[in-house]
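Observations on chain architecture
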Amino acid sequence: LHLYTIYWSIAQTKAEKPRGNMEEDVQKLKELDEKSAQYQKEGKYLEALTTLEEALILRKNTYGIDSEQVGKTCRQLAELCNLLAMIYLQKENYQMALDLLKKSEILCENYDQGKAITYNNFACYYRRIGKLRTALNYLERALKIENRLPNVDTPADTHLNLCAVLSQLERHDLAMEHAMRAIMLLQEELLNQLLDGGSSEEAKNQEGSGNSGENKDKKTKEDRAAVLAIAYHNMGVELEFLKRYDEALNSYGKAAHFAEKNLGPTHGITENLRNVEDTARNQLHAMHQRAAQRKQKKLKNNAHMAPTMHTLEDMGFKPPTKKARGKKKAKGHQSHREGIERGGTGEGEKYSDMMTPRNETEEDEFDGNHEDHKELKKEIEEGA
């Protein structure tokens, strides 16, 4: 960061010197552009960035702040800032990553596509430091920008980032929708690349170009194929969270198969996705086995279980008053016993598996030793 500050100071000092003639400025800008391109080829992105910043200030003094030359350099600088920000984020240098993203946001003031990319990377930063709602806010802003643009280079990436953040926020229905949207966009993107392959191949043959263009196209296709495989995987994760296990396993299988077909069986992503599929398959098989064992155990327990006993009060019946208790019980006992003996369809049969025979209880209550019971017993005998 200290080196970056020194370079930026030198760039400002050099570029703000009184402007010479136009030819000298143009020659200086050409040298700076070539120098920056060479730094990028060598992977010296920080040096390339400072060189471009020097060129930006010189272009502003030469052509004016609203010129196309200045706008183009701003876009190049924004791309470098985003690239470096993600490198520093991977290295867990969070402050440097944040500073670069803020610089990119300023440079993209009039460059909506670059602003959407920067907001996506802001979301990656805030997700990494655990601020998920801030990350979601940046992604929603990025998606809003992309929805109004006629052409977006990688529209699926924002949906995949939204899927990841929403999943961590446990909003799995919405996360799955974004995963499905990403899959559709990536399939369309790869199909367009396939359809354009024939015409671009003819153009290369006519121009007699070398292998650099072919290698770049191949790299781009592999990159987008890897993203599609990850999208299938993300959808599987969300389906698993929603307990749609068989569909989740199918999605994991698609991810692994697609990666193997397009990236090769030894590619790191392919191996990772294949491991995920195998683990999920084993877990699902074990889950089905446990469910079958629980079901079998439940059936076995039910077969050996004694009938559950309930009283009439448990089933909502109120006990009779003391005066009418004997008469009602005797009458209810007789009707209930007759219903069971006849094999009828009354209340006795409905609850026969859950009740003990009521006649055993009634004989204990009517023991004939009390005066009230003697009168009730006499009425019952006469009624019989």
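What comes next concerns the included structure. (Residues numbered from 1 in each chain as written. Predicted model: local features only at pLDDT ≥ 70, side-chain atom pairs only at ≥ 80, totals over all residues. Heavy atoms only, no water.)

So, about the overall build of the protein chain. Scanning the protein chain for helices and strands turns up 16 helices and 0 strands. By the burial criterion, 33% of the 384 residues in the protein chain qualify as buried. For the protein chain, restricting intrachain contacts to residue pairs at least 6 apart in sequence, the fraction spanning at least 24 positions comes to 62%. As presented, the protein chain carries roughly 25,100 Å² of accessible surface, and 49% of it is formed by carbon and sulfur atoms. (Helix = DSSP H or I, 4+ residues; strand = E, 2+ residues; numbered from the N terminus. Buried < 20%, exposed > 50% of the residue type's maximum accessible area, 1.4 Å probe, protein only. Contact = heavy atoms within 4.5 Å. Areas by Shrake-Rupley, 256 points an atom, 1.4 Å probe, with all protein chains shown as cover.)

To find leftover empty space, one rolls a probe the size of a water molecule over the atoms. Looking at the largest pocket, its volume works out to about 1,300 Å³. In terms of lining, the largest pocket is formed by 34 residues, of which the most central are Glu79, Asn82, Leu83, Ile117 and Thr154. Contributing elements (two or more residues each) for the lining of the largest pocket: α2 (22-41), α3 (45-63), α4 (68-90), α6 (112-128), α8 (155-168) and α10 (211-241). When the residues that make up the lining of the largest pocket are grouped by side-chain class, the tally is 13 nonpolar, 12 polar and 9 charged. (1 Å grid on protein atoms, 1.4 Å probe; cavity = no way out; pocket = protein on both sides within 12 Å on 5 of 7 lines; lining within 4 Å. Points joined across faces, edges and corners; volume = space filled by probe spheres on them. Nonpolar A, V, L, I, M, F, W, Y, C, P; charged D, E, K, R; others polar.)

This part covers the packing of α4 against α6. Between two packed helices, both the angle of their axes relative to each other and the distance between the axes serve to describe the pair. Put simply, α4 and α6 touch, their axes get as near as 10 Å, and they point 10° apart. Judged by the inter-axis angle, α4 sits roughly parallel to α6. Contacts between α4 and α6 involve Asn82, Met86, Leu89 and Gln90 from the first element and Ile117, Thr118, Asn121, Cys124, Tyr125 and Arg128 from the second. Of the residues contributing to the contact of α4 with α6, the split by class is 5 nonpolar, 4 polar and 1 charged. (Axes fitted to C-alpha atoms, helices over the stretch in contact; angles between N-to-C directions. Parallel < 35°, antiparallel > 145°, perpendicular 65-115°, else oblique.)

Counting 70 residues, the largest nonpolar core has Leu49, Tyr88, Leu100, Leu107, Phe122, Tyr126 and Leu228 as its most contacted members. Those residues in contact with Phe122 that lie beyond four places of it in its chain are Leu98, Leu101, Lys102, Glu105 and Tyr138. (Core = buried A, V, L, I, M, F, W, Y, C linked by side-chain atoms within 4.5 Å.)

What follows covers the packing of aromatic side chains. One pass over the full model with this rule turns up 7 aromatic pairs. For the ring pair Tyr126 and Tyr138, a centre distance of 5.6 Å and an interplane angle of 10° mean the geometry is stacked. Here the residue Tyr126 occupies a position in helix α6, and Tyr138 occupies one in helix α7 (residues 132-148), the gap between them amounting to 12 residues. Like Tyr138, Tyr126 is buried. Here the aromatic cluster, defined as three or more aromatic residues joined through ring pairs, consists of Tyr94, Tyr119, Phe122, Tyr125, Tyr126 and Tyr138. Lying across the ring of Tyr111, Arg75 places its NZ or CZ 5.8 Å from the centre. Over the aromatic face of Tyr88 sits the side chain of Lys91, whose NZ or CZ is 5.9 Å from the ring centroid. (Phe/Tyr/Trp six-rings, centres within 6.5 Å; stacked < 30°, edge-to-face > 60°. Lys NZ or Arg CZ within 6 Å of the ring centre and 35° of its normal.)

What follows covers empty space enclosed by the protein. For the structure shown, the criterion picks out 2 cavities of 30 Å³ or more. Counted as a void, the largest cavity has a volume near 70 Å³. The wall of the largest cavity is formed by Glu240, Tyr245, Ala248, Leu249, Tyr252, Ala280, Gln283, Leu284 and Met287. Put simply, the parts of the chain that give the lining of the largest cavity at least two residues each are α11 (245-263) and α12 (268-304). Considered class by class, the residues forming the lining of the largest cavity number 7 nonpolar, 1 polar and 1 charged. Lining the second largest cavity, in full, are Ala123, Cys124, Arg127, Leu139, Asn161, Ala164 and Val165. Those elements giving two or more residues to the lining of the second largest cavity turn out to be α6 and α8.

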